Amino acid sequence: MLLPLGDTPNPPGRPYINYLFIGLNIAVFLGISLPLMLSHPDPNDPLLYDYLRTLGVPGGLPLSEILNQVSAYDLFVFRHGFRPAEPTLTSLFGALFLHGGWMHLIGNMLFLWIFGDNVEFRLGHFGYFLTYLGTGVAATLFFALFVPGSQIPLIGASGAISGVLGCYYLWFPRNRVKTFVFLFPFIFGTYFIPARWVLGFFLLIDNLLPFLISRGSGGGVAHGAHIGGFLAGVGVALSAEKLAARRGRAEAGFHFEPIPEQGPADPAAAIGEALRLEQPSQAAALYLTCSDRPARLAIPADEVLAVGNFFLAQKRYAQALSLFRSFIGERPASDALDAAYLGAGLAMMHQPRGLTSAYHYFLNALDTARTPSVAEAARRQLRAIERLGKGDGGEPSTLND
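Residues numbered from 1 in each chain as written. Predicted model: local features only at pLDDT ≥ 70, side-chain atom pairs only at ≥ 80, totals over all residues. Heavy atoms only, no water.

Enquirer: Can you break down the overall build of the protein chain residue by residue, with the values?
Expert: Of the regular secondary structure elements, the protein chain holds 18 helices and 3 strands. By the burial criterion, 47% of the 401 residues in the protein chain qualify as buried. A fraction of 71% describes how many contacts in the protein chain between residues 6 or more apart in sequence connect residues 24 or more apart. Surface exposure of the protein chain reaches about 19900 Å², of which carbon and sulfur atoms provide 62%. (Helix = DSSP H or I, 4+ residues; strand = E, 2+ residues; numbered from the N terminus. Buried < 20%, exposed > 50% of the residue type's maximum accessible area, 1.4 Å probe, protein only. Contact = heavy atoms within 4.5 Å. Areas by Shrake-Rupley, 256 points an atom, 1.4 Å probe, with all protein chains shown as cover.)

Enquirer: Got a sec to walk through the packing of helix H2 (residues 46-55) against helix H4 (residues 72-80)? Specific residues and values, please.
Expert: Close contact between H2 and H4 brings their axes to 10 Å; oriented N to C, the two are set at 75 degrees. Between H2 and H4, the angle falls in the class roughly perpendicular. Facing Leu 47, Leu 48, Asp 50, Tyr 51, Thr 54 and Leu 55 of H2, the residues of H4 in contact are Asp 74, Leu 75, Phe 78 and Arg 79. Taken together, the residues that form the contact of H2 with H4 break down as 6 nonpolar, 1 polar and 3 charged. (Axes fitted to C-alpha atoms, helices over the stretch in contact; angles between N-to-C directions. Parallel < 35°, antiparallel > 145°, perpendicular 65-115°, else oblique. Nonpolar A, V, L, I, M, F, W, Y, C, P; charged D, E, K, R; others polar.)

Enquirer: So, the packing of aromatic side chains: which residues are in play, and what are the values?
Expert: For any pair of aromatic rings, the description consists of the separation of the ring centres together with the inter-plane angle of the planes. In this structure the tally under the stated criterion is 17 aromatic pairs. Where Phe 29 meets Trp 102, the ring centres are 4.8 Å apart and the plane angle is 65 degrees; that geometry is what we call edge-to-face. Taken together, the positions of Phe 29 in helix H1 (residues 16-37) and Trp 102 in helix H6 (residues 102-123) put the pair 73 residues apart, joining distant regions of the chain. Given a relative accessible area of 43%, Trp 102 falls into the partly exposed group. Feature note: the residues Phe 111, Phe 115, Tyr 168, Trp 171, Phe 172 and Phe 202 constitute an aromatic cluster, connected by ring pairs. In this structure, Arg 83 is placed above the aromatic ring of Phe 78, and the distance from its NZ or CZ to the ring centre is 3.9 Å. A cation over a ring is seen here: Arg 196 above Tyr 169, with NZ or CZ 4.8 Å from the ring centre. (Phe/Tyr/Trp six-rings, centres within 6.5 Å; stacked < 30°, edge-to-face > 60°. Lys NZ or Arg CZ within 6 Å of the ring centre and 35° of its normal.)

Enquirer: Got a sec to walk through the packing of helix H16 (residues 337-348) against helix H17 (residues 355-368)? Specific residues and values, please.
Expert: Each pair of packed helices gets described by two things: the angle between the helix axes and the distance between those axes. Where H16 meets H17, the axes come as close as 8 Å, and the angle between the chain directions of the two elements is 160 degrees. Relative to H17, H16 is oriented roughly antiparallel. When you trace H16 past H17, the crossing you get is left-handed. In this structure, H16 uses Leu 337, Asp 338, Tyr 341, Leu 342, Ala 344, Gly 345, Leu 346 and Met 348 to contact H17, whose residues at the interface are Ser 357, Ala 358, Tyr 361, Phe 362, Asn 364, Ala 365 and Thr 368. (Left-handed = near helix turned anticlockwise from the far one by under 90°.)

Enquirer: Outline the nonpolar core, listing residues and values.
Expert: Judged by nonpolar contacts, the single largest core of 46 residues is most densely connected at Ile 271, Val 307, Phe 324 and Phe 362. For this core, the secondary structure elements donating two or more residues are helix H11 (267-276), helix H12 (280-287), helix H14 (301-313), helix H15 (317-330), H16, H17 and helix H18 (372-389). The element contributing the most residues to this core is H16, with 8 residues. Residues within four places of Ile 271 in sequence aside, it is in contact with Ala 283, Leu 286, Tyr 287, Cys 290, Ile 299, Glu 303 and Val 307. Within the second largest apolar cluster, 44 residues are counted, among which are Met 109, Phe 111, Tyr 168 and Val 181. (Core = buried A, V, L, I, M, F, W, Y, C linked by side-chain atoms within 4.5 Å.)

Enquirer: Quick rundown of the side chain of Ser 158? Include the residues and the values.
Expert: Along the chain, Ser 158 turns up in helix H8 (residues 158-171). Separated by 2.9 Å, the side chains of Ser 158 and His 226 make a polar contact. If sequence neighbours within four positions are ignored, Ser 158 has contacts with Asn 108 and His 226. (Polar contact = N/O pair within 3.5 Å; in protein donor to acceptor, adjacent residues only side chain to side chain.)

Enquirer: Account for the sheet that holds strand S2 (residues 176-183), with residues named and values stated.
Expert: Taking strand neighbours across the sheet as the criterion, the 3 strands line up as S1-S2-S3 in an open arrangement whose pairing is antiparallel. Bordering the open sheet on either side are strand S1 (2-8) and strand S3 (187-194), each of which pairs with just one other strand. Here the average twist between neighbouring strands, direction ignored, is 20 degrees. Sheet analysis places S1 next to S2, joined by 6 bridges and oriented antiparallel. By the bridge assignment for S2, Pro 4 is matched with Thr 179. (Pairing = 2+ DSSP bridges.)

Enquirer: I'd like a description of helix H9 (residues 195-214), backed by residues and values.
Expert: For H9, spanning 20 residues, the distance from its first C-alpha to its last is 27 Å, which sits close to the expected 28 Å at 1.5 Å a residue. Of all the bends in H9, the greatest reaches close to 30 degrees and is centred on Leu 208; the proline Pro 210 follows between one and four positions later. Of the positions making up H9, those classed as buried are Ala 195, Val 198, Leu 199, Gly 200, Phe 202, Leu 203, Asn 207 and Phe 211. (Expected span 1.5 Å × (residues − 1). Bend = angle between axes of the 7 residues up to and from the residue.)

Enquirer: Lay out the environment of Ala 365 in plain terms, naming residues and giving numbers.
Expert: With respect to the helices and strands, the residue Ala 365 is situated in helix H17. Distance from Ala 365 to Ala 340, taken between C-alpha atoms, is 7.7 Å for residues 25 residues apart in sequence.

Enquirer: Can you lay out the pairing of S2 for me, pointing to particular residues and giving the numbers?
Expert: Two strands pair when backbone bridges link them, and S2 and S3 are joined in this way by 8 bridges, in the antiparallel orientation. Paired with Phe 180 across the strands is Thr 190, a residue of S3.

Enquirer: Break down the pattern of salt bridges for me, citing the residues and quoting the values.
Expert: Tallied over the entire structure, the rule returns 5 salt bridges. One salt bridge connects Arg 276 with Glu 273, and the closest N-O pair in it is separated by 3.3 Å. In this pair, Arg 276 and Glu 273 are both assigned in helix H11, 3 residues apart and thus about one turn of the helix distant. A residue is classified by how much of its surface remains accessible, and Arg 276, at 58% relative accessible area, is exposed. (Salt bridge = Lys/Arg side-chain N within 4 Å of Asp/Glu carboxyl O.)

Everything listed here is a matter of coordinates, which is why it stays silent on function.
This is the structure we're talking about:
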């Protein structure tokens, strides 16, 4: 068993939408679910007979015994939970805020509390609001695909929370999760574990294997909804990355020194010549004409980094980030990979809600550092981000030095 207790690093600011969803779930449980759990249904309620007929009860049981086994909340869930056989728009959203008991609620809210703040910081308040609800709906519909005729209501926030975990898995792989590990009799204690190990365990061991064994029926736990929500979250994160990259390319239309009409036909040679003539603006303009991978790989690594550093110096952070990301993806064996990670981190510091992602780039720069200067620069940035996360003051823009 792996039980997350916290994560690091945490972003600055307050995740108000995450607090909102946690508060709504708790309020619904205390104000609606719990009182109904402690109440017996009205024997004359037509919904009771519909409930018993649909779900089935053993014949011959007296009504008093049946009423002792059914609560008013069971009928409420039957009406407002999402039933794949009789789907409604209100139940599709309303079921996200209903829980089956204290442990169900506490487990879900613990995961949301730990992982939601980083994702909200990355998406922004409104984006996080839409992502939570959207991935929750996607999780429910994914579950319904495998049990389309089921009358058993699906309830709980875990599908939406799985969407949050999917975003976290893609965006924050180097975060560390403080985890209570109980694998008796071999391991027992609290450890800091990389986020992807914890979330991978959640996806594969806790959900995918039980889902395959039960062939989608779930056995009382909606593993299919967890898987669907997680995949939807990964899809949101990938789409957001592509949108950010497209926005960065669109912002690349700023003015450089004009490219001479007569010059080397080879862009790589032209970039090298421009740098030797101390014309970095022209080299940057030439680099932007290299739209495919072979053209970029023809440019020496040190010259690509020189163009990236020029972008940083000119505060063209979107272009710098695009360049350094391309370098990292296309030259994984380069001796200058550490400098590319460092540059990507410095550029990401100036992107909206990019602080935690910058932290990961600096960690990679430190891991791959080939020179003391890169290692020290990465450590300095990591310490600065950690101070920000603890509320020690400062602005992200002051960390680029």
